[in-house]
Amino acid sequence: MTNYICSVCNETYPIQETRWKCECGGLLNLVKSKADSQNKWTSHPSIWRYASSMDAGEDLKGWPSVTLGEGQTPLLVLDETESNTFVKVEFMMPTLSFKDRGVAVLVTLAKQLGVEKMIADSSGNAGTAIAAYSARAGIDCDVYVRADTSPKKLAQIEAHGAKVKAVKGTREDVAAAAQLAVEEEQVFYASHVYNPYFYEGTKTYAFEIFEQLKKAPDTVIVPVGNGTLVLGVYYGFKELLEANRIDRMPKIVAIQAEKCAPLAKAFENQEIIAKPVRNEGTLAEGIAIAAPARSKQILEAIRETKGTIITIGEEAITEARRKLAAKGFYVEITSAINYAGYLKYSKSKDEVIIIPLCGAGIKSN
Ligand SMILES: *Cc1c(COP(=O)(O)O)cnc(C)c1O
Ligand SMILES: [Zn+2]
């Protein structure tokens, strides 16, 4: 079995049900096993074709009883007039968002560990995914959310039999309430932020783009709140680079809402860690994270790829949603920000760019 390693003090821990952070408080990463085996990719039509490239793959052997068919989403040219701009249709997932990539892996691990109950906190989509996969795996689940989370996402969570715990307060208050319950009940914390297995799932986003394009793109547009897709993209392409399957990293162009942009501020001020901001309220509820726990890692990844962070105002979000729908793509409001970011980004001629369509239109109003 692989180990967790603390990102602050390097202490290591065995993978165990109730371990979710270091004794020093630091976030845990996975000790990379270096058992890379990209030549063992299979033709399975899901993220599990890349199981040999997931660290701690042996902890994930039980995936066939957990999978809902996540992954292998279409990569399509957005518009005939811009043949180098592609959308990756991540809303064509079992629970209608890209979170399924990470959650399928996290819940497979939980089942392997014999977990009977898990707790998660979410701005919505991670919660809907965890509810579905925990139902599939036969594990009880409480999902902590803000009281004003989109009612459609709450209905989706409850449909799977998970318990919604609505918390009045900020997204950070929600996380704190979940963590308190995890400690009190001594159960598995199914966190897409703290548990590094999540990124073993989201990195398949990069592997799929590589297989679909047969090369690396120049630029990937990625929304960023807690950074689960940014970090997945970064790890995925990094591993392809180390295996000499691509010859340079794509540039990560991350997108935040102007009304809640701690990472953009830190990036601009060349800070190593993002200072918490106040969420002034944005339509992009799925990325409204005022104090992202992995800010250091996220900022490092963006800087290393010579990327940047673009902020988007509220009007541009609704406008982008309309424009995408006019092209046939109906996304949830949060997801429209990715296209708005693309429209604001000054691309060069022939630049190959990927825009993710992260969540389905029917998830939000
Ligand atoms: C989760 C989510 C994001 C952002 O992901 P982070 O991990 O918070 O950076 C963006 N869009 C949608 C639709 C999401 O569900
Ligand atoms: Zn530590």
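Just above, that's the structure.
About the thresholds
- Residues numbered from 1 in each chain as written.
- Chains lettered and ligands numbered in written order.
- Predicted model: local features only at pLDDT ≥ 70, side-chain atom pairs only at ≥ 80, totals over all residues.
- Heavy atoms only, no water.
- Donors = N, O, S within 2.8 Å, 3.2 Å for Na, K, Ca; no water.
- Tetrahedral: all angles 85-135°; square planar, octahedral: opposite > 155°, others 65-115°.
- Helix = DSSP H or I, 4+ residues; strand = E, 2+ residues; numbered from the N terminus.
- Buried < 20%, exposed > 50% of the residue type's maximum accessible area, 1.4 Å probe, protein only.
- Pairing = 2+ DSSP bridges.
- Contact = heavy atoms within 4.5 Å.
- Axes fitted to C-alpha atoms, helices over the stretch in contact; angles between N-to-C directions.
- Parallel < 35°, antiparallel > 145°, perpendicular 65-115°, else oblique.
- Left-handed = near helix turned anticlockwise from the far one by under 90°.
- Nonpolar A, V, L, I, M, F, W, Y, C, P; charged D, E, K, R; others polar.
- Salt bridge = Lys/Arg side-chain N within 4 Å of Asp/Glu carboxyl O.
- Near = heavy atom within 4 Å.
- Polar contact = N/O pair within 3.5 Å; in protein donor to acceptor, adjacent residues only side chain to side chain.
- Areas by Shrake-Rupley, 256 points an atom, 1.4 Å probe, with all protein chains shown as cover.

(A) Up close: the coordination of the zinc ion (ligand 2). Taken together, the protein ligands of the zinc ion (ligand 2) are Cys6 (SG), Cys9 (SG), Cys22 (SG) and Cys24 (SG), with distances of 2.3 Å. Coordination at the zinc ion (ligand 2) is tetrahedral: its four donor atoms span angles of 104 to 119 degrees at the metal. Coordination of the zinc ion (ligand 2) draws on donor residues from a single chain, spaced C-x2-C-x12-C-x1-C in sequence. Of this pair, Cys9 sits in the loop between strand E1 (3-6) and strand E2 (12-14) while Cys22 sits in the loop between E2 and strand E3 (28-30), and the two are 13 residues apart along the sequence. Cys9 gets classed as partly exposed once you look at its relative accessible area, which sits at 40%.

(B) Here's a closer look at the sheet that holds strand E9 (residues 188-189). One open sheet holds the four strands; their spatial order is E8-E7-E6-E9, and the pairing between them is parallel. The open sheet has two edge strands, strand E8 (163-167) and E9, and neither has a second partner. Here strand E7 (residues 140-146) runs beside E8; their pairing, made up of five bridges, is parallel. If you follow Arg146 over to E8, its bridge partner there is Val167. Here helix H4 (residues 171-185) sits on the sheet and contacts strand E6 (117-121), E7, E8 and E9; the angle it forms with E6, its principal contact strand, is near 165 degrees.

(C) Molecular detail of the packing of helix H1 (residues 99-112) against helix H2 (residues 125-137). Interhelical geometry of H1 versus H2 gives an angle of 40 degrees and a closest axis separation of 9 Å. Overall, the two elements H1 and H2 adopt an arrangement that is oblique. Note on packing geometry: the crossing formed by H1 with H2 is right-handed. Here Lys99, Asp100, Val103, Ala104, Val107 and Lys111 of H1 come into contact with H2, specifically with Asn125, Ala126, Ala129, Ile130, Tyr133, Ser134 and Ala137. Considered class by class, the residues forming the contact of H1 with H2 number eight nonpolar, two polar and three charged.

(D) Representation of the pattern of salt bridges. This model, assessed by the stated rule, comprises 23 salt bridges. One salt bridge in this structure joins Glu200 and Lys203, with 2.7 Å as the shortest N-O distance. Given a relative accessible area of 2%, Glu200 falls into the buried group. When salt bridges that share partners are traced, they join Lys88, Glu90, Arg101 and Glu208 into one network.

(E) Broad picture of the site of ligand 1. Contacts to ligand 1 come from 16 residues, most closely from Lys99, Asn125, Asn226, Gly227 and Thr228. Interatomic distance of 2.8 Å between a backbone N/O atom of Asn226 and an oxygen atom of ligand 1. Protein chains shield 97% of the accessible area of ligand 1, which is 380 Å² for the free molecule. For the shell around ligand 1, the residue count by class is five nonpolar, nine polar and two charged.

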